[in-house]
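So you can see what is in the structure, the chains are spelled out below.
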Amino acid sequence: MASFSDWRYTFFVAGNERKNNMELFLGNKITELRKKKGITQEKLANMLGVSTPAVSKWETGTSYPDITILSPLARALGTDLDGLLGFEEFISEERIASISEEIIFAFQTKGNPAAEDLMMAYLWQYPNSIPLKQQAVALITIFELQDMNASEEKRTEWDDKKYSLLQEIVLSENAEYKYEALSSLAAMELQRGNIDKAEEFLSCFPEKISEITGLKVELYMKQNRKDLAANLLQKELFSVLNKSYIYLITILEKDIFERERMNCFADTLVKIDEILHGDALESGIVLAKRFAKEGKTSQAKEALQGYLKCHEECITGSNDLLFAPAIKSTGDSSVSSEMMKQMMMAAIMSDPDLAPLYNE
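The rules we used
- Residues numbered from 1 in each chain as written.
- Predicted model: local features only at pLDDT ≥ 70, side-chain atom pairs only at ≥ 80, totals over all residues.
- Heavy atoms only, no water.
- Helix = DSSP H or I, 4+ residues; strand = E, 2+ residues; numbered from the N terminus.
- Contact = heavy atoms within 4.5 Å.
- Areas by Shrake-Rupley, 256 points an atom, 1.4 Å probe, with all protein chains shown as cover.
- Salt bridge = Lys/Arg side-chain N within 4 Å of Asp/Glu carboxyl O.
- Axes fitted to C-alpha atoms, helices over the stretch in contact; angles between N-to-C directions.
- Parallel < 35°, antiparallel > 145°, perpendicular 65-115°, else oblique.
- Left-handed = near helix turned anticlockwise from the far one by under 90°.
- Nonpolar A, V, L, I, M, F, W, Y, C, P; charged D, E, K, R; others polar.
- Expected span 1.5 Å × (residues − 1).
- Buried < 20%, exposed > 50% of the residue type's maximum accessible area, 1.4 Å probe, protein only.
- Arc of directions from axis to C-beta.
- Core = buried A, V, L, I, M, F, W, Y, C linked by side-chain atoms within 4.5 Å.
- Phe/Tyr/Trp six-rings, centres within 6.5 Å; stacked < 30°, edge-to-face > 60°.

## A short note on the overall build of the protein
The number of helices and strands found in the protein is 20 helices and 0 strands. Taking the contacts inside the protein whose residues are at least 6 apart along the sequence as the reference set, 58% of them involve residues at least 24 apart. Total accessible area on the protein stands at roughly 20400 Å², and carbon and sulfur atoms take up 52% of it.

Below, the structure is given as structure tokens:
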């Protein structure tokens with residue numbers, strides 16, 4: 001495999017099927033920049049200490065300059081290596097997908113070295129593409145999983161390359177990819193046993209982001225902080241169930257599905273309500289309104305009576321067995337039972353579907 005310093009040049013010489021096109025591209029670029037600079041082939045040759053025929057061969061694609069002369073050539077033409085070799089700032093998602101397929105095909109037909117050379121060449125062609133770097137991390141993972149006979153030295157090399165790419169993504173401050181890269185770095189550090197470093201990466205996340213719950217739990221367990229792991233999992237469980245509960249209520253209120261499916265949603269709402277609130281079925285008022293709209297008066301009244309009864313006995317709180325002490329019960333709320341009843345009555349009496357039921 002080519003050395004790291006040769007990757008930029010590898011793009012132009014790796015793979016016989018690509019070689020002629022790349023030489024022609026470089027030749028055209030040299031011609032374009034030379035003419036833009038207003039110098040002759042002879043003058044360029046003198047500036048570089050080579051023969052005029054050598055420059056002519058570069059421009060016609062008959063040969064290509066030695067890697068040691070690329071930097072002086074770029075300076076002589078008033079550009080840098082990026083400009084000389086045609087590195088691009090932007091690459092589309094479609095192009096990234098195409099490149100990924102090409103690399104995987106090379107891996108399947110030619111093996112690891114060819115696929116890795118090709119991947120690194122593309123990374124050098126598009127040095128500022130964060131999505132391509134992220135895709136490269138995924139490709140290296142594929143290499144790791146597919147090549148079961150790879151040596152430990154090779155696996156370490158892959159691991160280090162992924163780590164380097166992830167660091168570059170984080171340093172780019174690209175909000176779309178930064179946190180995914182940070183979580184991957186944290187996971188790698190946890191796997192390596194570097195607890196402090198993993199914690200440092202996880203501390204970069206916003207306080208309430210939930211995507212890293214699993215990593216935080218693993219971190220706490222390795223730190224022997226079981227109470228923090230339990231607390232975090234309880235909070236996350238409550239949050240997920242509560243979101244599901246709200247979405248189900250919205251579905252039932254909007255009545256956007258056919259009857260059979262709506263009944264399934266209603267049953268699920270009751271089950272989640274029982275999990276979240278114990279015996280205090282908040283879903284009763286939602287079901288009462290739904291049954292009233294369908295003309296199921298007796299079922300609507302039963303649901304409304306259940307809702308009112310549970311609030312006569314207690315103020316709604318979370319299921320302490322599942323969620324306490326991570327989630328404090330709202331039973332400690334400063335809202336009195338009388339105030340709660342008044343708010344409930346106002347909500348019921350202002351609803352055209354529920355008011356007649358309450359009057360009955």
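Following the structure, the description resumes.
## Side note on the pattern of salt bridges
Counted according to the given criterion, the structure contains 14 salt bridges. Here Arg-259 makes a salt bridge to Glu-294, at a shortest N to O gap of 3.5 Å. You can see Arg-259 sitting in helix α15 (residues 259-277) and its partner Glu-294 sitting in the loop between α16 (284-293) and α17 (297-313), a full 35 residues away along the chain. A single network of salt bridges, built from pairs that share partners, joins Arg-259, Arg-290, Glu-294 and Lys-296.

## Overview of the packing of helix α13 (residues 213-222) against helix α14 (residues 226-254)
Here α13 crosses α14 at 160 degrees, and the two axes come no closer than 7 Å. With respect to each other, α13 and α14 are oriented roughly antiparallel. Seen along the crossing, α13 lies across α14 with a hand that is left-handed. Seen from α13, the contacting residues are Thr-213, Lys-216, Val-217, Tyr-220 and Met-221; seen from α14, they are Lys-226, Leu-228, Ala-229, Leu-232, Leu-233 and Glu-236. Classifying every residue of the contact of α13 with α14 gives 7 nonpolar, 1 polar and 3 charged.

## Re helix α9 (residues 130-146)
Over its 17 residues, α9 runs 25 Å from end to end, which matches the ideal 24 Å to within 8%, given 1.5 Å per residue. Along α9, the positions that sit buried rather than exposed are Ile-130, Leu-132, Lys-133, Ala-136, Val-137, Leu-139, Ile-140, Phe-143 and Glu-144. In an axial view of α9, the angular spread of the buried residues amounts to 165 degrees, which keeps them on one side of the axis. Looking at α9, the residues exposed on the side facing more than 90 degrees away from the buried face are Leu-145 and Gln-146. Among the structural elements, α7 (93-110), α8 (112-125), α10 (152-171) and α11 (175-192) are those in contact with the buried residues of α9.

## A few points about the nonpolar core
Ranked by internal contacts, the top residues of the largest apolar core, which has 41 residues, are Ile-103 and Met-119. By size, the runner-up hydrophobic cluster in this structure holds 29 residues, among which are Phe-238, Leu-241, Leu-269 and Ala-300.

## Here's the deal with the environment of Leu-357
Checked against the element boundaries, Leu-357 lands in helix α20 (residues 355-359). Setting aside anything within four residues of it in sequence, one finds Leu-357 in contact with Ala-288, Ala-292, Thr-297, Ala-300, Lys-301 and Leu-304.

## Notes on the environment of Ile-246
Inspection of the secondary structure puts Ile-246 in helix α14. Here Ile-246 falls in the partly exposed class, since its relative accessible area comes to 44%.

## What about the packing of α9 against α10?
A packed helix pair is summarised by two numbers, namely the angle formed by the two axes and the spacing between the axes. Where α9 meets α10, the axes come as close as 9 Å, and the angle between the chain directions of the two elements is 160 degrees. Between α9 and α10, the crossing angle belongs to the class labelled roughly antiparallel. Judged by the twist between their axes, the crossing of α9 over α10 is left-handed. Note on element contacts: α10 touches α9 through Arg-155, Trp-158, Asp-159, Lys-161, Lys-162, Leu-165, Leu-166, Glu-168 and Ile-169, opposite Ile-130, Lys-133, Gln-134, Ala-136, Val-137, Ile-140, Thr-141, Phe-143 and Glu-144.

## A short note on unusual backbone geometry
In this structure, Glu-173 is a non-glycine residue whose phi angle is positive, near 60 degrees. Judged by relative accessible area, Glu-173 falls into the exposed class, the value being 52%. The phi dihedral of Asn-224 falls on the positive side, at around 60 degrees, and the residue is not glycine. Judged by relative accessible area, Asn-224 falls into the exposed class, the value being 71%.

## Description of α10
The end-to-end C-alpha separation of α10 is 29 Å, in line with the 28 Å expected for 20 residues at 1.5 Å each. The inward-facing, buried residues of α10 abut α8, α9, α11 and α12 (195-202).

## Details of the packing of aromatic side chains
As enumerated under the stated definition, the model contains 5 aromatic pairs in all. With centroids separated by 5.2 Å and ring planes inclined at 45 degrees, the aromatic side chains of Tyr-179 and Phe-205 adopt a geometry described as tilted. On the criterion of sequence distance, the pair formed by Tyr-179 in helix α11 and Phe-205 in the loop between α12 and α13 is long-range, its members being 26 residues apart. Ring centres of Phe-238 and Phe-323 lie 5.1 Å apart, and the angle between their planes is 80 degrees; on these two criteria the pair is classed as edge-to-face. Taken as a pair, Phe-238 in helix α14 and Phe-323 in helix α18 (residues 320-323) lie far apart in primary sequence, 85 residues in all. For the pair Phe-238 and Phe-323, a shared accessibility class is recorded, and that class is buried. In textbook terms, an aromatic cluster arises when at least three aromatic residues are bridged by ring pairs, as seen for Phe-107, Phe-143 and Trp-158.

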